[in-house]
Amino acid sequence: MNTEASPQETMRSNTELGYVVPPGAPHVPLKQEPPKGSAEDEARLFYERMNLRRTVRTFSNEPVDREVIEWCIRAAGTAPSGANKQPWQFVAVSDPAIKRRIRLGAEEEERKFYESRASERWLEDLKQLGTDADKRFLEIAPWVVVIFALKHSSDGGQVYYAHESVGVATGLFIAACHHAGLATLTHTPSPMGFLKEILDRPSNEKPYLLMPVGYPTTDCVVPAISRKPLEEISTFM
Ligand SMILES: Cc1cc2nc3c(=O)[nH]c(=O)nc-3n(C[C@H](O)[C@H](O)[C@H](O)COP(=O)(O)O)c2cc1C
């Protein structure tokens, strides 16, 4: 990749490629650091690192500095979003009393889920994961990060593809936590209205999911499940 192009050259090649810089909309040259290794090596290394990420259900109560969570949220905030509306809000909770309320709210919904709401097939699919209505990890993990999707911006402005955008940002958040050596659990008690109430969020925010974040216990085990191979999840043409 040529990173040496002058701004004039860059503008000319952009125009030749059909990208017209809109008048009055400032643009800057793309900053992109070339990777240290070859593209293939870097992609493989990233895959190998991400392949070690697992959803953890037993957290230690070892504290995690707020700054670490802040960096992970910043990383999530670099996600692309529909029309750059960035329709997300990350609420990071370490207050034990609030975590307790979240646990109680989640367990109430989850009890209903396991007792009557879930279909037989769903419960069957969950069996291998060992999940149940016991969500004590919501109190034990040092942080519970609740992610909200914005229905419209705080000034009433439109947002676009909020669900997709928040999903992408959440993925980056999970990857950033993993990169920092932290474990996460993607948790979706349903319905999640109790989170809005406990966290006193404004009416334009809709709970998306919640995520305990922290270190796994030293004897943590995870389900021996496999990931689909490349051939199954991709089609090249
Ligand atoms: C949208 C979504 C919702 C999930 N909800 C829950 C949940 O409520 N409780 C739970 O224990 N795991 C939940 N999981 C975690 C999945 O069970 C887990 O990602 C899957 O079994 C694969 O395991 P892995 O993350 O270790 O690769 C959820 C994951 C996603 C992406």
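Keep in mind that this is a model prediction, so the values were computed, not measured. (Residues numbered from 1 in each chain as written. Predicted model: local features only at pLDDT ≥ 70, side-chain atom pairs only at ≥ 80, totals over all residues.)

> How do you make sense of the site of the ligand when you look at a structure like this?
Arg54, Thr55, Arg57, Leu129, Thr131, Leu185, Thr186, His187, Thr188 and Val222 make up every residue found near the ligand. Classifying every residue of the shell around the ligand gives three nonpolar, five polar and two charged. (Near = placed C-beta within 6 Å. Nonpolar A, V, L, I, M, F, W, Y, C, P; charged D, E, K, R; others polar.)

> What am I meant to see in the pairing of strand β2 (residues 143-150) here?
Working note: regular strand, side chains alternate between the two faces of the sheet. Counting buried positions along β2 gives eight out of eight residues, so the element sits mostly inside the fold. Of the two faces of β2, both are covered, the one formed by Trp143, Val145, Ile147 and Ala149 as well as the one formed by Val144, Val146, Phe148 and Leu150. Looking at chain direction, strand β1 (residues 88-93) and β2 are connected through six bridges and run antiparallel. Bridging from a neighbouring strand, Trp88 pairs with Ala149 of β2. Sheet analysis places β2 next to strand β4 (residues 205-214), joined by eight bridges and oriented antiparallel. Residue pairing for β4: Ala149 is matched across the bridge by Lys206. (Buried ≥ 20, exposed ≤ 12 C-beta atoms within 10 Å, placed from the backbone. Helix = DSSP H or I, 4+ residues; strand = E, 2+ residues; numbered from the N terminus. Pairing = 2+ DSSP bridges.)

> I would appreciate a short explanation of the sheet that holds β4 in the present structure.
Two modes of strand pairing occur in sheets, parallel and antiparallel, and in both the strands are linked by backbone hydrogen bonds. The four strands are arranged β1-β2-β4-β3 in an open sheet whose pairing can be described as antiparallel. Strand pairing shows two members of the sheet lacking a second neighbour, β1 and β3 (183-184), which therefore form its edges. Each of β1, β2 and β4 is contacted by helix α4 (residues 96-117), which is oriented at about 115° to β1, the strand it contacts most. With respect to the sheet, helix α7 (residues 162-179) is in contact with β1, β2, β3 and β4, its orientation differing from that of β2 by roughly 155°. (Contact = placed C-beta atoms within 7 Å. Axes fitted to C-alpha atoms, helices over the stretch in contact; angles between N-to-C directions.)

> Where do I start with α4 in this structure?
What sets the pattern is the α-helix's 3.6 residues per turn: residues three or four places apart point alike. Relative to the 32 Å expected for 22 residues at 1.5 Å per residue, α4 spans 29 Å between its end C-alpha atoms, a close match to the ideal helical length. Among the residues making up α4, those that are buried are Lys99, Ile102, Gly105, Ala106 and Glu110. Angular distribution of buried residues about the axis of α4 spans 130°; they occupy a single face of the element. Opposite the buried face of α4, by more than 90 degrees, sit the exposed residues Pro96, Ala97, Glu115 and Ser116. (Expected span 1.5 Å × (residues − 1). Arc of directions from axis to C-beta.)

> What should I look at first to understand the nonpolar core in this one?
In summary, soluble globular proteins display a tendency toward joint burial of nonpolar side chains. If you look at the biggest cluster of nonpolar residues, it comprises 39 residues, and the most contacted ones within it are Trp88, Val144, Val145, Val146, Ile147, Phe173 and Val213. Sorting the residues of this core by element identifies α3 (66-76), β1, α4, α6 (137-140), β2, α7 and β4 as the ones contributing at least two each. Looking at which element gives the most residues to this core, the answer is β2, with eight residues. Each residue touching Val213, except ones within four places of it in the same chain, is listed here: Val64, Ile69, Ala141, Trp143, Val145, Cys177, Leu182 and Thr184. (Core = buried A, V, L, I, M, F, W, Y, C linked by C-beta atoms within 7 Å.)

> Explanation requested: α3 in the structure shown.
Taken as a whole, α3 has its buried residues at Ile69, Cys72, Ile73 and Ala76. An end-on view of α3 places all buried positions within 100° of arc, on one side of the element. Set apart from the buried face of α3 by more than 90 degrees, the exposed residues are Glu67 and Glu70. Looking at the buried residues of α3, the elements they touch are β1, β2, α7 and β4.

> Looking at this structure, I do not really get unusual backbone geometry. What am I missing?
Only a minority of non-glycine residues have a phi that is not negative, and only a minority of peptide bonds are not trans. For the bond running from Ser190 to Pro191, omega is 0°, close enough to zero to count as cis. The phi angle at Ala83 is positive, at roughly 50°, despite the residue not being glycine. Examined against the element boundaries, Ala83 turns out to sit in the loop between α3 and β1. The exposure class assigned to Ala83 is exposed, which follows from the 12 C-beta atoms found within 10 Å. Phi angles above zero are rare outside glycine, and Asn84 is one such case at about 55°. Positionally, Asn84 belongs in the loop between α3 and β1.

By themselves these figures say nothing about function.
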